[in-house]
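Single-letter residue listing:
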Amino acid sequence: MINFEKINQLIKQNKFLDAQKLIKNLLNSDERNQDLLLQLAGIYRSLGKFDKAKETYIKITQIDETNTTAHRLLIDYLEKEEIDNYEKKLDKIKSIDISDKKKVELFFSLGILNEKKKKFEISANYFIEANKLKRKIVPFNFINLQSHFENLKIVFKKLNFDKKKFQNQKKIIFIIGLPRSGTSLVESILGANKNIYPAGEISNLKKIIRDNFTIDGSLNYEKIMQSINNEKTDLYSLYINHANLKDVNLNIITDKNTENFKFLGLINIFFENVKIINCIRDPFENFCSLYKTNFNSSALNWTNSMKEISLYHKNYFQLIDLWKKKKINNIIDIEFEELLSNPEDVIEKLIDFCDLDKNYNYIDFYKLITSPIKTASANQARNPINKNYLFKYKKF
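Just so it is clear, the structure is predicted and the values come from calculations on it, not from any experiment.

Novice: Would you explain the sheet that holds strand β6 (residues 274-280) in this entry?
Specialist: The strands making up a sheet are joined through hydrogen bonds of the backbone, oriented either antiparallel or parallel. On the basis of which strands lie adjacent, the open sheet formed by 5 strands has the order β2-β5-β1-β6-β7 and parallel pairing. Two strands close off the open sheet at either side, each with one partner strand: β2 (196-198) and β7 (331-335). The mean angle between the axes of side-by-side strands here comes to 20°, regardless of whether they run parallel or antiparallel. Across 4 bridges, the pairing between strand β1 (residues 171-177) and strand β5 (residues 252-255) is parallel.

Novice: Help me understand the pairing of β5, please; the structure alone is not making it clear to me.
Specialist: Side-chain positions along a regular strand alternate between the two faces of the sheet. Of the two faces of β5, both are covered, the one formed by I252 and T254 as well as the one formed by I253 and D255. As defined by bridge partners, β2 adjoins β5 across 3 bridges and the pair is classed as parallel. Looking across to β5, one finds that Y197 is bridged to I253.

Novice: Could you clarify how one ought to interpret the environment of N125 in this entry?
Specialist: By the element assignment, N125 lies in helix α8 (residues 120-137). Placed 144 residues apart in sequence, N125 and I269 show a C-alpha to C-alpha distance of 46 Å.

Novice: Would you mind going over helix α2 (residues 16-27) with me for this structure?
Specialist: In an α-helix, one turn spans 3.6 residues; hence positions three or four apart end up facing the same way. Between its first and last C-alpha, α2 extends 16 Å over 12 residues, near the 16 Å set by a 1.5 Å rise per residue. Residues of α2 that are buried include every one of F16, A19, Q20, I23 and L27, and no others. The buried residues of α2 occupy an angular sector of 100° when projected down its axis, which confines them to one face. Facing away from the buried side of α2 by over 90 degrees, the exposed positions are L17 and K21. Buried residues along α2 sit against α1 (4-12) and α3 (34-46).

Quick notes on the rules
- Residues numbered from 1 in each chain as written.
- Predicted model: local features only at pLDDT ≥ 70, side-chain atom pairs only at ≥ 80, totals over all residues.
- Heavy atoms only, no water.
- Pairing = 2+ DSSP bridges.
- Helix = DSSP H or I, 4+ residues; strand = E, 2+ residues; numbered from the N terminus.
- Axes fitted to C-alpha atoms, helices over the stretch in contact; angles between N-to-C directions.
- Buried < 20%, exposed > 50% of the residue type's maximum accessible area, 1.4 Å probe, protein only.
- Expected span 1.5 Å × (residues − 1).
- Arc of directions from axis to C-beta.
- Contact = heavy atoms within 4.5 Å.

The following block contains the structure:
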């Protein structure tokens, strides 16, 4: 049996080359294994080896023309002249009896393809069809998520978030915001500085808070106060000594788990040397980008509902407003649209805020990236800043 858990663990630890080697060894005895090939293509994509990713996705579709996941991911790498012929391939699959799960991927694929062909109405209809079907086969209870947000707001409104004094902490730069708001781009820009370790979307903080500050899944005010008053829990030490960071030798780390926006108060208390970058994108642009992305994480299944995207937006802005009213220090707002239209000035503002060495070519970050990018923005974040992404969904 293939040990996918081992492969996924290596990827979580950013040991992509080790994962790649393991997959290739496994493929020697099972060269047509589509799951392994998808993992391998994903690694190539994260490492910026786009030609190899494209080649691998093509191989998967040759093994199984109904592997609609591979089709969806391949579309990003198609040349303009390949698009028309590819639509015929996808139309052919529509006539085949495939599972609902594959249909979801097919509808997302057709949505992306028609967007590239500037057939925006057809594209939008496919995205609606894809999200409705995904919600049907993968139910999501937003009531539980709303209860989670209400619990956070109730507890955090009671607290003051004055910093505790700590020494010898590494600088942690938390990059927060809604998904698809430019967090990967910001981390890639900062990654031009070779003294920074880009950790990507790590779940350290969320897990530590769940393990230490909750009762029956809800954040508990008394447990937080006990930690603050008695120094029982050193949140920073638990964070920095987690398996995916404990061997990092660099003294500056970026963490772009977007969910960390929920915990800025606790970050302000327990992290002495911290900077927080809040990435903001035009709400409609962000809405469309979320709705047209087929996320793998079940925690993001709220993106399959227009109503729930709006509700999530509302909760996000309410929490950000709470943090600012509480006068949480060291936060800067970086607007995605401003970054695209005026990159030099925004990057300079960003570097000044983070107190970083200016002797790096941040504007040419894409030439310097060596770390893997595991998010849906892996392709865009490895290319120059492109004004074409400005208000790209207005035609929808």
